[in-house]
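Topology and contacts: notes
The residues making up each chain are set out below.
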Amino acid sequence: MRKKLLGTIAALVAGAGGALAQNAPMRPTTAPVTMAPASGGMADPSFMPASRYNEPIPPGMPGMPGMGGPEGMDPGAGGPLPWPVPGPYGQTPYESPNLDDGLLGGAGGPTRVYVDGSYLLMFPKSQPTNYPLLTTSAPSDLGRVGQPTTSILAGVNNKLNIGTASGFRLNAGIWRREDQRMGIEVGGLYIAPVSYNQFLQGSASGIPLLARPFVSDTSGLPISLITSTPGVVGGSALARATTSVWGIEANGLWNAYRTCPGECRSWNLNFLAGYRYFELSEQLHVTNRATVIAGNTLPYGGVLVGADTTLEVQDKFMTLNKFHGGQVGFQSQFTSGRWYVCITGKVAFGLTNQRVDVSGYTSAINPILATNSTTQGGLFANASNIGSYRQDNFGILTDANATFGFNFTSWLTGTVGYNFVHLSSVARPGNLYSGRVDPTLVPLSASYGTGVGVASPFSYRQDDFFLHGLNFGLNFRY
């Protein structure tokens, strides 16, 4: 009887132990193990699937015992997470980990590659002018600056308002590994040429009066080059200024800090360092054309020309500024749900290669007499400054951006933001001429060729340049 009782107890204990063994929670292995199917066709029950980053699935991941969702992740319970760990190691500012795409093998994993494209609506700094370019007045005042009836038509307040410019900005980057500690980013911006145009047309009889004013370097008095005046000449005048910008950059990224990717609100910080190139190209053209009315004569190149002769004067100033420099900066992003705000600041130090080309001419065409003559030199572009010039100047380029974004999906984000770009030292066309001109250097002056003075020898005058405005873009992540 005692042997039967002991045998029954032993059988109960063995059965209970087997049941507990079958219901015990499984611990993940440190590496995924694939077992061959048993003879009955069933896989080994100890097999555990791995994440898409070839790392074990920690206990308590979604859909597993011990956790109700991403916010309950326990980094120390079962090995490394498929996400990069929080702290000073690095998560890209373009991450959107709290979308509901899942953390295992889906699009919610860490970003490796991203592309960010934006349309730019920018406002460049106006081009400066050293002296008014075009004026009008009563015939008695001859368009001279400072006279009671004179009005400035181009170069008001010594500037030409360029207006609104359109362009785009493109950035692309890749993180070295899923831990996102180090990465590389390249990018560039392009602003299409934008221009200021002021075209004025007088009648064949010379109404209204149009003039190009200047100050005589010999007498110090304001005078003017007449383009249109009643009964003498009829003509037109054009002032045109253009500005275009483009640049590229390449940076290494280092993530300094981030909060846990599973949190609803997160913050991270990246530092960057690299190379920056920025190019500013500008032009200033001023052209006037006048036809002599019958019964009148005008000086040209030291002689007088008569009726039906068309006189054309052109000044052209062209500048090209090429900045090369080393760049440092940061990217910082705060995320709340699907919304985020990203602040980026960059500063580059280097040299700006400045090139200036000055040219000008005056021509006289008489179709009746079949004569055509051209003389070098216009008004502000004359024998004192015509030529090409180069120099290098130290410059500092600052680039700041604030962007708001909304994550439509784990891989697509819409953005809107504000940009500001500033270069400390550039050559600009309107600063490269002087309002004081020696009349003996102007082909349409009665005193042309009678002196040897040099009124306005060329000299660089440094200025700064900036553009600012809005950006609207899309960001793609993989």
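Comments concerning the overall build of the protein chain
Looking only at helices and strands, the protein chain features one helix and 20 strands. In the protein chain, which comprises 478 residues, the proportion classed as buried is 47%. Sequence separation of 24 or more characterises 75% of the internal contacts of the protein chain that already satisfy a separation of 6 or more. Total accessible area on the protein chain is roughly 22,300 Å²; 63% of this is exposed by carbon and sulfur atoms.

Here's the deal with empty space enclosed by the protein
Inspection of every chain in the model, using the stated rule, returns three cavities of 30 Å³ or more. Taken together, 20 residues make up the lining of the largest cavity; nearest its centre are Asp 116, Asn 171, Thr 344, Asn 401 and Thr 403. Elements represented by at least two residues in the lining of the largest cavity include exactly β1 (113–124), β6 (165–175), β15 (339–366), β17 (387–407), β18 (412–427) and β20 (462–477). Here the residues of the lining of the largest cavity are counted per class, giving five nonpolar, 10 polar and five charged.

A word on the pattern of salt bridges
Enumeration according to the criterion identifies 12 salt bridges in this entry. A salt bridge links Glu 249 to Arg 276, with the nearest nitrogen and oxygen atoms 3.8 Å apart. With Glu 249 in strand β10 (residues 233–258) and Arg 276 in strand β11 (residues 265–292), the pair connects residues that are 27 residues apart, well separated along the chain. A salt bridge links Asp 357 to Arg 355; its shortest N-O distance comes to 3.1 Å. Here Arg 355 falls in the partly exposed class, since its relative accessible area comes to 31%. In the salt-bridge network here, residues are joined through shared partners; they are Arg 169, Glu 249, Arg 276, Lys 346 and Asp 399.

Considerations on the nonpolar core
Core analysis: the largest hydrophobic core is formed by 45 residues, its most contacted members being Leu 133, Leu 134, Ile 191, Phe 278, Leu 284, Phe 317 and Phe 380. For this core, the leading source of residues is strand β7 (residues 182–201), giving five residues. Excluding residues within four positions of it along the chain, Phe 278 makes contact with Val 245, Trp 246, Gly 247, Asn 321, Lys 322, Phe 323, Leu 397, Val 421, Leu 423, Phe 465 and Leu 467. With seven residues, the next largest nonpolar core counts Leu 225, Val 305, Val 313 and Ala 364 among its residues.

A few points about the side chain of Asn 407
If you trace the backbone, Asn 407 turns up in strand β17. Reaching out from Asn 407, the side chain makes a polar contact with the side chain of Arg 477 at a distance of 3.5 Å.

Some remarks on the side chain of Thr 335
Among the secondary structure elements, Thr 335 is positioned in strand β14 (residues 310–336). Side-chain polar atoms of Thr 335 contact the side chain of Gln 333, separated by 2.9 Å.

Quick word on the layout of surface pockets
As a volume, the largest pocket reaches approximately 280 Å³. In terms of lining residues, the largest pocket is bounded by 17 residues, among which Ser 224, Leu 225, Ile 226, Pro 299 and Leu 444 are the most central. For the lining of the largest pocket, the secondary-structure elements that each account for two or more residues are β9 (222–228), β11 and β12 (298–300).

Focus on the pairing of β7
Across nine bridges, the pairing between β6 and β7 is antiparallel. Its bridge partner being in β7, Arg 169 is matched across the sheet by Leu 189.

A short note on a nonpolar patch on the surface
A cluster of nonpolar side chains, Val 115, Phe 168, Leu 170, Tyr 190, Trp 246, Ile 248, Phe 408, Trp 411, Leu 474 and Phe 476, forms an exposed patch at the surface whose accessible area comes to about 940 Å². Of all the secondary-structure elements, those providing two or more residues to the nonpolar patch are β6, β10 and β20. Summarising the element assignment, Tyr 190 is placed in strand β7.

Here's the deal with the confidence of the model for the protein chain
With 75% of its residues at a pLDDT of 70 or more, the protein chain shows a mean pLDDT of 81. Element-level pLDDT for the protein chain is lowest in helix α1 (residues 2–23), with a mean of 46, against a maximum mean of 97 in strand β3 (residues 134–136). Note that pLDDT drops below 50 for residues 1–6; the model gives that stretch zero contacts with residues more than four away or on any other chain. Long-range and interchain partners of residues 12–83, a stretch whose pLDDT sits below 50, account for 76 contacts in this model, where long-range means more than four residues apart.

Some details on unusual backbone geometry
Leaving glycine aside, a negative phi is the common case for residues, and trans is the common case for peptide bonds. Cis geometry is adopted by the peptide bond preceding Pro 208, which originates at Ile 207 and carries an omega value of -5 degrees. By secondary structure assignment, the location of Pro 208 is in the loop between β7 and β8 (210–216). Of note in this structure, Asn 157 is not a glycine but carries a positive phi near 55 degrees. Mapped onto the elements, Asn 157 comes out in the loop between β4 (151–154) and β5 (159–160). On the basis of relative accessible area, Asn 157 is assigned to the exposed category, the value being 65%. Of note in the backbone geometry, Asp 308 takes a positive phi value of approximately 70 degrees without being a glycine. Looking at the element boundaries, Asp 308 is found in the loop between β13 (303–305) and β14.

Calculation criteria
- Residues numbered from 1 in each chain as written.
- Predicted model: local features only at pLDDT ≥ 70, side-chain atom pairs only at ≥ 80, totals over all residues.
- Heavy atoms only, no water.
- Helix = DSSP H or I, 4+ residues; strand = E, 2+ residues; numbered from the N terminus.
- Buried < 20%, exposed > 50% of the residue type's maximum accessible area, 1.4 Å probe, protein only.
- Contact = heavy atoms within 4.5 Å.
- Areas by Shrake-Rupley, 256 points an atom, 1.4 Å probe, with all protein chains shown as cover.
- 1 Å grid on protein atoms, 1.4 Å probe; cavity = no way out; pocket = protein on both sides within 12 Å on 5 of 7 lines; lining within 4 Å.
- Points joined across faces, edges and corners; volume = space filled by probe spheres on them.
- Nonpolar A, V, L, I, M, F, W, Y, C, P; charged D, E, K, R; others polar.
- Salt bridge = Lys/Arg side-chain N within 4 Å of Asp/Glu carboxyl O.
- Core = buried A, V, L, I, M, F, W, Y, C linked by side-chain atoms within 4.5 Å.
- Polar contact = N/O pair within 3.5 Å; in protein donor to acceptor, adjacent residues only side chain to side chain.
- Pairing = 2+ DSSP bridges.
- Patch = residues over 30% accessible without salt bridge, like charges linked within 9 Å, V, L, I, M, F, W, Y side chains within 5 Å.
- pLDDT = per-residue confidence, 0-100.

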